[in-house]
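# Results of the structural survey
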Amino acid sequence: MKNIPSYIKEHKERFLNELIELLKIPSISADSAYKSDVLKTAEAIKSCLEKAGCDTVEICPTAGYPIVYGKKTIDKNLPTVLVYGHYDVQPPDPLNLWNSPPFEPVIKTTEKHPDGAIFARGACDDKGQMYMHVKAFEIMVKTNQLPCNVKFMIEGEEEVGSANLGDFVKSNRDKLKNDVILISDTGMIANDTPSITTGLRGLSYVEVEVTGPNRDLHSGLYGGAVANPINILTKMIASLHNENNHITIPEFYDKVEELSTEERTEMAKAPFSLENYKKALDIDAVYGEDGFTTNERNSIRPTLDVNGIWGGYIGEGAKTVIPSKAYAKISMRLVPNQDWQEITKLFTAHFESLAPKGVKVKVTPHHGGQGYVTPISSIGYQAASKAYEQTFGKKPIPQRSGGSIPIVSLFEQELESKIILMGFGLDSDAIHSPNEHFGIWNYLKGIETIPYFYKYFTELSK
Ligand code: BES
Ligand code: MN
Ligand code: MN
């Protein structure tokens, strides 16, 4: 491929400014107050895809936020790459912890990003990473080097569980037909250590409610005589892990894949410094399931975490009260073979069984999805590996991630193709946190690397 670095150099300012414009729109899918902004972002993506060179772009309605679909066909006999990404973002709160407003992008340097990083909600997850694909496509089109057909499917509900994407995929199999699905919505080890994500964890997300007396009570008059829902809830939650930090839900681990010693030894070769990890998080020790390393605990092992817990009086000063209700939001990260709906059932049955007499328990499932692993022997993986080698000068390390993109396993099932996860973010980019950012070097490196994926994938498909 010719002139890719020079095209990037020449258009760098525009590539940055276009992304900055997208980042200014607060496309928060979780909060209905931002509905018009989410819809406006879909329109903006449509226009970007048209300008970049798609033959057709449509905004496909769903029961929720629309999916932007674009395509360019150069030859029916050539392979088709389907690019997936999301234009919605997480809510930015807590706002007071941002050093600059989340939807007013600014460029600042950091220790990890000496060339500068764009700070804004969605910079890395996923507007910045999704937009690398639009720009890589533009380069291939404008320099007459597009080696195959391309389809784009950019959704607006990933951060809230992709509730409507499954139906869209199932009813548009033909439209979405492809030879490989390419996604940049994950990370890599470090700028000098490229890696390709070969696994994602699944997810089961539930909300629990414990109800005691029919109203809040005076904690002196009634204290000691009736069940306090917060006391009970915290006791129930505490019992979900044993002293070795194993999850105690019966049958929870039944389908968990046990990796061979060889595979674990191979995984352990990835560069990792426990000291730096602890330092970056300001913790004096890591914590987790006995018998597993930090990298294993957050990739090949399932988890159960409370994401939020509330109830009773939390206002200023003190109020003596036994609350009527207590709540928690709980997520379970799952590994391949664990079925998220089955896990949700196991959780529900177990959690209900933990409730003592005197309280009622309600479990409400939110959303979920299956985990995913992909073999490194596929053409797609090989093409991605060669692409990184080309632009980083190093072979990428295959690595399973702890995060989830719940729709990925459905893609494989419904569209019968492999998914390649070429992420260019860093764990330190603060996705979902205050001060999310994306390195300019990473953004441009992604744009440079993606065209080589197309090239090698097309060559290897012959
Ligand atoms: N892009 C992330 C997932 C991710 C990030 C995977 C980094 C691997 C490395 C995605 O947008 C996300 O946040 N997923 C959610 C699940 C979703 C249902 C809200 C997650 O993992 O919590
Ligand atoms: Mn994402
Ligand atoms: Mn996310």
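Residues numbered from 1 in each chain as written. Chains lettered and ligands numbered in written order. Predicted model: local features only at pLDDT ≥ 70, side-chain atom pairs only at ≥ 80, totals over all residues. Heavy atoms only, no water.

### So, the overall build of the protein chain
Worth spelling out the cut-off: Runs of E in the DSSP output that reach at least two residues are strands. Runs of H or I that reach at least four are helices, and both are numbered from the N terminus. With the radius of gyration taken over C-alpha atoms, the globule rule is written as 2.2 Å times the number of residues to the power 0.38. For each residue, the accessible area found with a 1.4 Å probe, counting protein chains only, is set against the maximum for its type, and the residue is called buried under 20%, exposed over 50%, and partly exposed in between.
A tally of helices and strands in the protein chain yields twelve helices and 18 strands. A globule of 462 residues ought to have a C-alpha radius of gyration of about 23 Å, and the protein chain, at 24 Å, matches this closely. With the C-alpha coordinates of the protein chain rotated into their principal frame, the extents come out at 80 × 50 × 45 Å. Residues counted as buried form 54% of the 462 residues belonging to the protein chain.

### Remarks on the sheet that holds strand β9 (residues 202-211)
Test applied: For two strands to pair, DSSP has to find at least two bridges joining them. Whenever a helix is involved, its axis is fitted only over the stretch in contact; in every case the axis is a line through C-alpha atoms, and angles between N-to-C directions fall within 0 to 180 degrees.
Taken in spatial order, the four strands line up as β11-β13-β9-β14 in an open sheet, and their pairing is antiparallel. At either margin of the open sheet sits one strand with a lone partner, and together these are β11 (303-311) and β14 (360-369). Averaged over all adjacent pairs, the angle separating strand axes in this sheet is 15 degrees, with direction ignored. The pairing of β11 with strand β13 (residues 325-334) spans eight bridges and is classified as antiparallel. Of the residues in β13, the one forming a bridge with G308 is K329.

### Notes on the coordination of the manganese ion (ligand 2)
The condition that has to hold: Coordinating N, O and S atoms are those within 2.8 Å of the metal (3.2 Å for Na, K and Ca), and as water is not part of the atoms, a site may appear to have fewer donors than expected. Every geometry call rests on angle ranges, with four donors termed tetrahedral when all angles are between 85 and 135 degrees, four termed square planar and six termed octahedral when opposite donors are over 155 degrees apart and all others are between 65 and 115, and everything else termed irregular.
On the protein side, the manganese ion (ligand 2) has H86 (NE2), D125 (OD), D185 (OD) and D185 (OD) as donor atoms, found 2.0 to 2.5 Å from it. Angles of 56 to 166 degrees at the metal separate the six donor atoms of the manganese ion (ligand 2), which places the site in the irregular class. Written as a sequence motif, the donor arrangement for the manganese ion (ligand 2) is H-x38-D-x59-D. In this structure, the manganese ion (ligand 2) lies 3.6 Å away from the manganese ion (ligand 3), the two metals sharing D125 as a donor. One end of the pair, H86, is in strand β3 (residues 80-86); the other, D125, is in the loop between β5 (117-119) and α3 (127-142), with 39 residues separating them in the sequence. Of the two residues, H86 and D125, both sit in the buried class.

### Points about the UniProt feature "domain: Peptidase M20 dimerisation" (unreviewed entry) in the protein chain
Which entries qualify depends on this criterion: UniProt positions are given in the numbering used here, feature names are shortened, and annotations may be inferred rather than shown by experiment.
Those residues carrying the UniProt feature "domain: Peptidase M20 dimerisation" (unreviewed entry) are residues 199-358 in this numbering. Helix makes up 28% of residues 199-358 and strand 22%, whereas the separation of the span's terminal C-alpha atoms amounts to 43 Å.

### Things to note about the side chain of R301
The cut-off we apply is this: Side-chain atoms alone can form a polar contact between residues adjacent in sequence; in general such a contact is a pair of N or O atoms within 3.5 Å, and within protein one must be able to donate a hydrogen while the other accepts it. Contacts between residues were defined by any pair of non-hydrogen atoms, one from each residue, lying within 4.5 Å.
Following the sequence through the fold, R301 ends up in the loop between α8 (294-297) and β11. Looking at R301, the relative accessible area reads 5%, which means it is buried. Here E289 takes part through its side chain, which lies 2.7 Å from a polar atom of the side chain of R301. Sequence-distant contacts of R301, that is, excluding residues within four places in its chain, are made with R201, Y253, V256, E258, E289, F292, E296 and V335.

### Here we look at helix α2 (residues 35-52)
The condition that has to hold: Given the number of residues in a helix, its expected span is that number minus one, multiplied by 1.5 Å. The arc in question is traced by the directions running from the helix axis to the C-beta atoms.
Along its 18 residues, α2 runs 26 Å from first to last C-alpha, staying within 8% of the 26 Å computed at 1.5 Å per residue. For α2, the complete set of buried residues consists of D37, V38, T41, A42, I45, C48, L49 and A52. Along the long axis of α2, the arc covered by the buried residues comes to 150 degrees, so they all point the same way. Turned more than 90 degrees away from the buried face of α2, the exposed residues are S36 and K51. Lining the buried residues of α2 we find α1 (4-23), β1 (56-60), β2 (67-72), α3 and β6 (149-155). Backbone geometry just after α2 places G53 at a positive phi near 125 degrees.

### Some thoughts on the coordination of the manganese ion (ligand 3)
Protein coordination of the manganese ion (ligand 3) is provided by D125 (OD), E159 (OE), E159 (OE) and H432 (NE2), with donor distances spanning 2.1 to 2.5 Å. In the primary sequence, the donor residues of the manganese ion (ligand 3) line up as D-x33-E-x272-H. For D125, a relative accessible area of 7% translates into the label buried. Overall, the relative accessible area of 13% leaves E159 in the buried class.

### Some thoughts on the sheet that holds β5
Spatial ordering of the open sheet is given by β4-β5-β18, a layout of three strands whose pairing is antiparallel. In this open sheet, the two strands that pair with only one neighbour each are β4 (106-108) and β18 (437-439). Going across the sheet, the axis of each strand differs from the next one's by a mean of 30 degrees, ignoring polarity. As paired strands, β4 and β5 are joined by three bridges and run antiparallel to one another. Bridge assignment links V106 to a residue of β5, and that residue is F119.

### Concerning the nonpolar core
Worth spelling out the cut-off: Residues belong to one nonpolar core when they are buried, are Ala, Val, Leu, Ile, Met, Phe, Trp, Tyr or Cys, and are joined through side-chain atoms within 4.5 Å.
Within the largest apolar cluster, 65 residues are counted, with the highest numbers of intra-cluster contacts made by V81, Y87, Y443, F453 and Y454. Excluding its chain neighbours within four sequence positions, the residues that come into contact with Y443 are F15, L16, L19, G128, Y131, M132, K135 and F438. One finds V208, L233, I237 and V363 within the second-largest nonpolar core, a separate group that totals 25 residues.

### Quick notes on the domain arrangement of the protein chain
Note the cut-off: Annotation comment: domain bounds sourced from an automatic or database domain assignment. Accessible area that two parts lose when put together, evaluated with a 1.4 Å probe and summed over both, is termed the buried area.
Each assigned domain of the protein chain is listed here: domain 1 (4-200 + 371-460) and domain 2 (202-256 + 302-369). A C-alpha centroid distance of 36 Å is found between domain 1 and domain 2. Counting the surface lost from both domain 1 and domain 2, the interface buries some 630 Å², and carbon and sulfur atoms represent 56% of this. The largest per-residue losses of area from domain 1 upon contact with domain 2 belong to G371, S404 and P406, which jointly make up 57% of the total buried on that side.

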